[in-house]
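The lines below spell out each chain.
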Amino acid sequence: MADEVVVLSTWVSMFGKRVEIALAEKGVEYKYKEEDLTNKSPLLLMTNPIHKKIPVLIHNGKPVCESLIIVQYIDEVWKEKKQLLPSNAYERAQARFWADYVDKKMYDAGRKVWTTKGEEQEVAKKEYIDILKVLEGALGDKPYFGGEEFGFVDVALIPFYSWFYAYETCGNFSIEAECPKLVAWAKRCMERESVSKSLPDPHRVYDFVLQLKKKLGIE
């Protein structure tokens, strides 16, 4: 009997995109259900009653929540396909550390770039670039964070790339000018079908951010 896999997410969520990329890397077919976060579905509330957040992976009726936990779950369940986490325990711990760093830093810092103005925005931009520079240092001269192979940290970070244009346009700065190696890494990831077919168009993300700014009264 084939596995039944369902993903609850939104088209613009960088966290949901991690799940889609991981499933694509493994060649797993799934049903996708777009969620309206202003009117959460009974299925979302039932499958993630604690946080009531996307993404949720439902595998044969059993829900798994939180994007990095879901990606690790996918890696363990479909282990006959290409592994995303390293087999070496120390390298695996390092990968989890950097994915956790992305989780703790990237979303909030990026949000500050488009929700602030003036002096506050200048501080936000510097903070965001500093985070990217730390990640660029972790990447080093390797093609991917794990070395030669696209892996766990790449899956964790690459969905944020589709938001770069919105951050740059709202903040009037260039990420590539500050972090050329990181942008080169992102472009390398975009050559993978699993990534390019999963991520939204950056201009569509920018339009979404403009709508959010209007809703929040930030002009």
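Bear in mind that the values here come from a model prediction, so they are computed numbers and not experimental data.

Enquirer: Explanation requested: the packing of aromatic side chains in the structure shown.
Expert: For any pair of aromatic rings, the description rests on two quantities: the centre-to-centre distance and the angle between the ring planes. The full count for this structure, using the stated rule, is twelve aromatic pairs. Arranged with centres 5.7 Å apart and planes meeting at 55 degrees, the rings of F15 and Y107 form a pair that is tilted. Here the residue F15 occupies a position in helix α1 (residues 14-26), and Y107 occupies one in helix α4 (residues 89-115), the gap between them amounting to 92 residues. Y107 gets classed as partly exposed once you look at its relative accessible area, which sits at 32%. Their ring planes at 80 degrees and their centres at 5.5 Å tell us that Y161 and F164 sit as a pair that is edge-to-face. Here Y161 pairs with F164, and both are found in helix α7 (residues 161-171), just three residues apart, close to one helical turn.

Enquirer: Would you mind showing me how to read the environment of A186 here?
Expert: Take A186: it is sitting in helix α9 (residues 180-190). Judged by relative accessible area, which is 0%, A186 ranks as buried. In this structure, the C-alpha to C-alpha distance between A186 and K82, residues 104 residues apart in sequence, is 20 Å. Among residues more than four places away in sequence, those in contact with A186 are I158 and Y161.

Enquirer: Help me out: how do you make sense of the sheet that holds strand β2 (residues 31-34) in this one?
Expert: By way of backbone hydrogen bonds, the strands of a sheet pair with one another, either parallel or antiparallel. Reading across the sheet, the four strands line up as β2-β1-β3-β4 and stay open at both edges, with mixed pairing between neighbours. Two strands close off the open sheet at either side, each with one partner strand: β2 and β4 (62-65). The sheet shows a mean angle of 20 degrees between the axes of neighbouring strands, taken without regard to direction. Sheet topology note: the strand β3 (residues 56-59)/β4 ladder contains four bridges and is antiparallel. Bridging across to β4, V56 finds its partner in C65.

Enquirer: What exactly am I supposed to notice about helix α3 (residues 67-77) here?
Expert: What sets the pattern is the α-helix's 3.6 residues per turn: residues three or four places apart point alike. Where α3 is concerned, the buried positions are S67, L68, I70, V71, Q72, I74 and D75. The inward-facing, buried residues of α3 contact α1, β3, β4, α4 and α6 (152-157).

Enquirer: Please explain the pattern of salt bridges as it appears in this structure.
Expert: Close approach of charged atoms allows side chains of opposite charge to pair. Applying the stated criterion across every chain yields a total of 13 salt bridges. Notably, a salt bridge pairs R18 with D103, separated by 2.7 Å at the nearest N-O pair. A residue pair is termed long-range when its members are at least 10 positions apart, and R18 in helix α1 and D103 in helix α4 qualify at 85 residues. On the accessibility criterion, R18 (0% relative accessible area) is buried. The residue K26 makes a salt bridge to D75 at a minimum N-O spacing of 2.8 Å. With a gap of 49 residues between them, K26 in helix α1 and D75 in helix α3 connect regions that are remote in the sequence.

Enquirer: How should I be thinking about helix α5 (residues 118-139) in this particular structure?
Expert: Relative to the 32 Å expected for 22 residues at 1.5 Å per residue, α5 spans 32 Å between its end C-alpha atoms, a close match to the ideal helical length. Among all positions of α5, only Q121, A124, K125, Y128, I129, I131, L132, L135, E136, A138 and L139 are buried. Lining the buried residues of α5 we find α4, α6, α7, α8 (175-178) and α9. A positive phi of about 65 degrees marks G140, the residue just after α5.

Rules of the game
- Residues numbered from 1 in each chain as written.
- Predicted model: local features only at pLDDT ≥ 70, side-chain atom pairs only at ≥ 80, totals over all residues.
- Heavy atoms only, no water.
- Phe/Tyr/Trp six-rings, centres within 6.5 Å; stacked < 30°, edge-to-face > 60°.
- Helix = DSSP H or I, 4+ residues; strand = E, 2+ residues; numbered from the N terminus.
- Buried < 20%, exposed > 50% of the residue type's maximum accessible area, 1.4 Å probe, protein only.
- Contact = heavy atoms within 4.5 Å.
- Pairing = 2+ DSSP bridges.
- Axes fitted to C-alpha atoms, helices over the stretch in contact; angles between N-to-C directions.
- Salt bridge = Lys/Arg side-chain N within 4 Å of Asp/Glu carboxyl O.
- Expected span 1.5 Å × (residues − 1).

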